[in-house]
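The primary structure of each chain is shown beneath.
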Amino acid sequence: MTDISKAGTYKLGDRTVKRLGYGAMQLAGPGVFGPPKDRDAALAVLREAIASGVDHIDTSDFYGPHVTNQIIREALHPYPANLTIVTKISARRDDKGAWLPAMSPKELTQAVHDNLRNLGLDVMEVVNLRSMHGIHGPAEGSLEPQLNTLAELQRQGLVRHIGLSNVTRTQIAQGRNIADIVCVQNQYNIAHRQDDALIDELAADGIAYVPFFPLGGFSPLQSDTLANVAQKLGATPMQVALAWLLRRAPNILLIPGTSSVDHLRENLAAAELDLPANAIAVLNGIAGEASQAA
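Figured I'd write up the structure that's included with this text. (Residues numbered from 1 in each chain as written. Predicted model: local features only at pLDDT ≥ 70, side-chain atom pairs only at ≥ 80, totals over all residues. Heavy atoms only, no water.)

Observations concerning the packing of aromatic side chains
Line of reasoning, step 1. Scanning the entire structure with this criterion turns up five aromatic pairs.
Line of reasoning, step 2. Where Phe-62 meets Tyr-63, the ring centres are 5.6 Å apart and the plane angle is 85 degrees; that geometry is what we call edge-to-face. You'll find Phe-62 and Tyr-63 in the same group, each marked buried.
Line of reasoning, step 3. Ring centres 5.1 Å apart and planes at 85 degrees place the aromatic pair Phe-212 and Phe-213 in the edge-to-face group.
Line of reasoning, step 4. Residue Phe-212 is classed as buried on the basis of its relative accessible area, which comes to 18%. (Phe/Tyr/Trp six-rings, centres within 6.5 Å; stacked < 30°, edge-to-face > 60°. Buried < 20%, exposed > 50% of the residue type's maximum accessible area, 1.4 Å probe, protein only.)

Regarding unusual backbone geometry
Line of reasoning, step 1. Of the consecutive residues Gly-64 and Pro-65, the connecting peptide bond is found in the cis state with omega at -10 degrees.
Line of reasoning, step 2. One can find Pro-65 in the loop between strand S4 (56–58) and helix H2 (67–76).
Line of reasoning, step 3. For the bond from His-77 to Pro-78, the omega torsion is 0 degrees, close enough to zero to count as cis.
Line of reasoning, step 4. In this fold, Pro-78 is placed in the loop between H2 and strand S5 (84–89).
Line of reasoning, step 5. In this structure, Phe-213 is a non-glycine residue whose phi angle is positive, near 55 degrees.
Line of reasoning, step 6. Note on Phe-213: relative accessible area 45%, which makes it partly exposed. (Helix = DSSP H or I, 4+ residues; strand = E, 2+ residues; numbered from the N terminus.)

Focus: the layout of surface pockets
Line of reasoning, step 1. By volume, the largest pocket amounts to about 860 Å³.
Line of reasoning, step 2. As for the largest pocket, its lining consists of 36 residues, and the residues nearest its centre are Met-25, Tyr-63, Arg-130, Phe-212 and Phe-213.
Line of reasoning, step 3. Examining the composition of the lining of the largest pocket, we find that three residues originate from one element, helix H8 (residues 237–248), more than from any other.
Line of reasoning, step 4. In terms of residue class, the lining of the largest pocket is built from 19 nonpolar, 13 polar and four charged.
Line of reasoning, step 5. Estimates place the volume of the second largest pocket at around 220 Å³.
Line of reasoning, step 6. Listed by contribution, the elements that provide at least two residues to the lining of the second largest pocket are S5, strand S6 (91–93) and helix H3 (105–119).
Line of reasoning, step 7. No other element matches the five residues that H3 contributes to the lining of the second largest pocket.
Line of reasoning, step 8. The residue inventory of the lining of the second largest pocket, partitioned by class, reads six nonpolar, five polar and six charged. (1 Å grid on protein atoms, 1.4 Å probe; cavity = no way out; pocket = protein on both sides within 12 Å on 5 of 7 lines; lining within 4 Å. Points joined across faces, edges and corners; volume = space filled by probe spheres on them. Nonpolar A, V, L, I, M, F, W, Y, C, P; charged D, E, K, R; others polar.)

Next comes the structure, spelled out in structure tokens:
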């Protein structure tokens, strides 16, 4: 079995977690909507993750909706003492599965209670406020009312720590003026490196950065380059992409998702993948290949 502790650890709020965790998004049905095709397989993935040493699971009650959290509870409750479950709020689903903003104080409060109920918890360890000013990427806009609502829920003891997702540097600064922000969750990978400077700034302040879509938005040229590196190393492209992220900065926490036990094991094996200097040099150049292909 892979020793994921080789990827190291980092603090998340007042806990220390292994840097290779698990994202539960793919446990729901197609389009992250409705029940999974194979519920037993979903349960098996979660149990295998815990058996493999994972102590950080990322989820949301709008996955399904409600489905993913209910599966997590069925698979793992009562939870291991060292397990940190992180959720996100500020969106809802309509009856066709569309993603809609849900950022009013009433909606945010209800979302926290929904997460607690469906996960079987009395307090959420970390709640990420996902900005809905931009659906497909960060967009400027004040998050003060939403953060004030989360801060009040924190004072009530329902939320232990607050994070931010899909946000700009300005929104992070605004958030830190209202509450202690323990993590930022944005899209970032070998090909999409807009947050390079931000990651280093957060690392200097001891704030975790959680990238999503480690293989998202690659051009064909970028994908070919990654695949060639992976082939030479006897690894999968996903393993190489994850290993590169682990090397990128010490505050990066990974939450690769899958609905397959075999793929879970492959992803976790990235903790033991050694990237030689020549491979890193090639991977570092991938971000510039999009402009070459244009």
